[in-house]
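Descriptive analysis of the structure
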Amino acid sequence: MILIVDSGSTKSDWLSVDSNGNKLMEKIRTKGLNPAILSREELHDRIISNADLKNNKEKVTHVFFYGAGCGTEKPTALLKGVLENIFTEAHVEVNEDTLAAVYATISHPKEAAVVCIMGTGSNCSYYDGEVLHQRVNSLGYTLMDDASGNYYGKQLIRDYYFNHMPENVKVAFGAKYNMGSDHIKHNLYKQPNPNAYLASFAEFMFLHKDSEYTINLIKDGIRLFAKNMIMQFKEELKTVPVHFAGSIAYFSQKEIKEVADEMGFRVGKFERRPIDGLVPFHTKDMS
């Protein structure tokens, strides 16, 4: 059994396939497994709490994990150790989530592209057809993650409290969410995964895209992301497209294309869920 995992901070999707790519179980979903913000015990418990994973762990021969928080050595080693401890018979590989987005969006293995993730968090890399290059190490949701779900959640909450929202938008926002200050501070400072909590507000934007306020909010975030992340590959952008993965990108396609026209880069593909494109990549040499 081969397990292919696409994990963000909010949720993790698991596919189980045989060496021919045939599905063995229905898609499994667990809570997010970000080793940059979770302890060894939390990671272990989130995996083993799923009955399908627990009951089939001895059958697993390979684990290919792609996740948020796996871009640096220490958290990657932490998660790899947890997976090896659970799936004791398996070969385990842990890679950053951007690599999953690369494999899911490029048309052929040697295609060069700039690839962006815009989901709960955000990131951007250049794939030269063989190697992934990053020129800015992510410092996480507190300092970076422009145009991500948690970025937009933060902006929405701030605009609500600073009275920067149009009145009709503010009323709708307050009706949909508990905007009590004690409730918000409890979730931000007393509960795990505040980045996922912030990202839960981003859905509001896509339910209210008839508002000029919302459109401007989306585009301002994309401009900031493009300035800080995409444009670091200014020379490469002369010859390669920019692909996007993640739900925020998927639902912001129009705004991304408009910002691309403003800033002079070429938009390629959009992939909401990269995991499905990883099956042929990981089984082609095993059958």
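Up top you'll find the structure we're talking about.
Summary of the structure given here. (Residues numbered from 1 in each chain as written. Predicted model: local features only at pLDDT ≥ 70, side-chain atom pairs only at ≥ 80, totals over all residues. Heavy atoms only, no water.)

Focus on the sheet that holds strand β5 (residues 91–96)
For the record, the criterion: Two strands are said to pair when DSSP picks up at least two bridges between them. Secondary structure elements are taken from DSSP: a helix is a run of H or I of four residues or more, a strand is a run of E of two residues or more, and numbering for both begins at the N terminus. Interaxial angles span 0 to 180 degrees and are taken between N-to-C directions of axes, which are lines fitted to C-alpha atoms, for helices over the stretch in contact. Only heavy atoms enter the contact rule, under which two residues are in contact if any of them lie within 4.5 Å.
Here we have five strands laid out as an open sheet, ordered β3-β2-β1-β4-β5, and mixed in their pairing. In this open sheet, the two strands that pair with only one neighbour each are β3 (28–31) and β5. With strand direction ignored, the average angle separating the axes of adjacent strands in the sheet is 20°. As paired elements, strand β2 (residues 11–17) and β3 share four bridges and run antiparallel to each other. Bridging across to β3, D13 finds its partner in R29. Strands in contact with helix α4 (residues 97–105) are β1 (2–7), β4 (62–67) and β5; relative to β5, the strand with the most contacts, it is inclined by about 90°.

Some remarks on the nonpolar core
In plain terms, the rule: Working definition of a nonpolar core: buried Ala, Val, Leu, Ile, Met, Phe, Trp, Tyr and Cys residues. They are joined through side-chain atoms within 4.5 Å. Burial classification: accessible surface area is computed with a 1.4 Å probe over protein chains only, and a residue below 20% of its type maximum counts as buried, one above 50% as exposed, and the rest as partly exposed.
Residues Y152, I230 and F244 are the most contacted members of the largest nonpolar core, which totals 44 residues. With six residues, helix α10 (residues 212–228) is the largest single contributor of residues to this core. Residues W14, V63, L79 and A90 belong to the second largest nonpolar core, which totals 24 residues.

Some points on the packing of aromatic side chains
A ring pair, where both rings are aromatic, is described by two values, the distance of the centres and the angle of the planes. Quick reminder of the rule: Each Phe, Tyr or Trp ring, with Trp reduced to its six-membered ring, pairs with another whose centre is within 6.5 Å; inter-plane angles below 30 degrees give stacked pairs, above 60 give edge-to-face pairs, and intermediate values give tilted ones.
One pass over the full model with this rule turns up 15 aromatic pairs. Ring plane angle 40° and centroid distance 5.8 Å describe the contact between F173 and F201, whose orientation is recorded as tilted. Of this pair, F173 sits in helix α6 (residues 167–176) while F201 is found in the loop between α8 (194–199) and α9 (203–207), placing the two residues 28 residues apart along the sequence. The buried category is assigned to F173, whose relative accessible area is 0%. A connected cluster of aromatic rings, assembled from ring pairs, spans Y160, Y161, F173, Y177, Y197, F201 and F204.

Describing the environment of D97
Following the sequence through the fold, D97 ends up in helix α4. Along the backbone, D97 and I117 are 20 residues apart, and their C-alpha atoms lie at a distance of 8.0 Å.

With respect to the pattern of salt bridges
Threshold: For salt bridges, the criterion is a side-chain nitrogen of Lys or Arg within 4 Å of an Asp or Glu carboxyl oxygen.
For the structure shown, the criterion picks out 13 salt bridges. Among the salt bridges present, the one from K80 reaches E84, with a minimum N-O distance of 2.5 Å. Taken together, the residues span about one helical turn, with K80 and E84 both in helix α3 (residues 73–86) at a distance of four residues. K80 gets classed as partly exposed once you look at its relative accessible area, which sits at 30%. For E84, a relative accessible area of 34% gives the class partly exposed. By sharing partners, the salt bridges in this structure join K219, K254 and E258 into a single network.

Concerning the sheet that holds strand β9 (residues 242–245)
Whenever strands of a sheet pair, they do so through backbone hydrogen bonds, lying parallel or antiparallel. Across the sheet, which stays open at both edges, the five strands sit in the order β8-β7-β6-β9-β10 with mixed pairing between neighbours. Two strands lie at the open edges of the sheet, namely β8 (132–133) and β10 (267–271), each paired on one side alone. By the bridge criterion, six bridges tie strand β6 (residues 113–118) to strand β7 (residues 122–127) in an arrangement that is antiparallel. Paired with C116 across the strands is C124, a residue of β7.

Observations regarding the side chain of T30
The condition is simple: Under the rule applied, a polar contact is a pair of N or O atoms within 3.5 Å (in protein, one hydrogen donor and one hydrogen acceptor; residues adjacent in sequence only if both atoms are side-chain atoms).
With respect to the helices, strands and loops of the structure, T30 is situated in strand β3. When its relative accessible area of 7% is taken as the criterion, T30 is described as buried. Reaching out from T30, the side chain makes a polar contact with the side chain of W14 at a distance of 3.1 Å. Among all residues touching T30, those that are not within four sequence positions of it are K11, S12, W14, R46, N50 and L53.

Section: the side chain of K219
Secondary-structure assignment places K219 in helix α10. If near-sequence neighbours (up to four positions away) are discounted, K219 is found in contact with E255, E258, V259 and E262.

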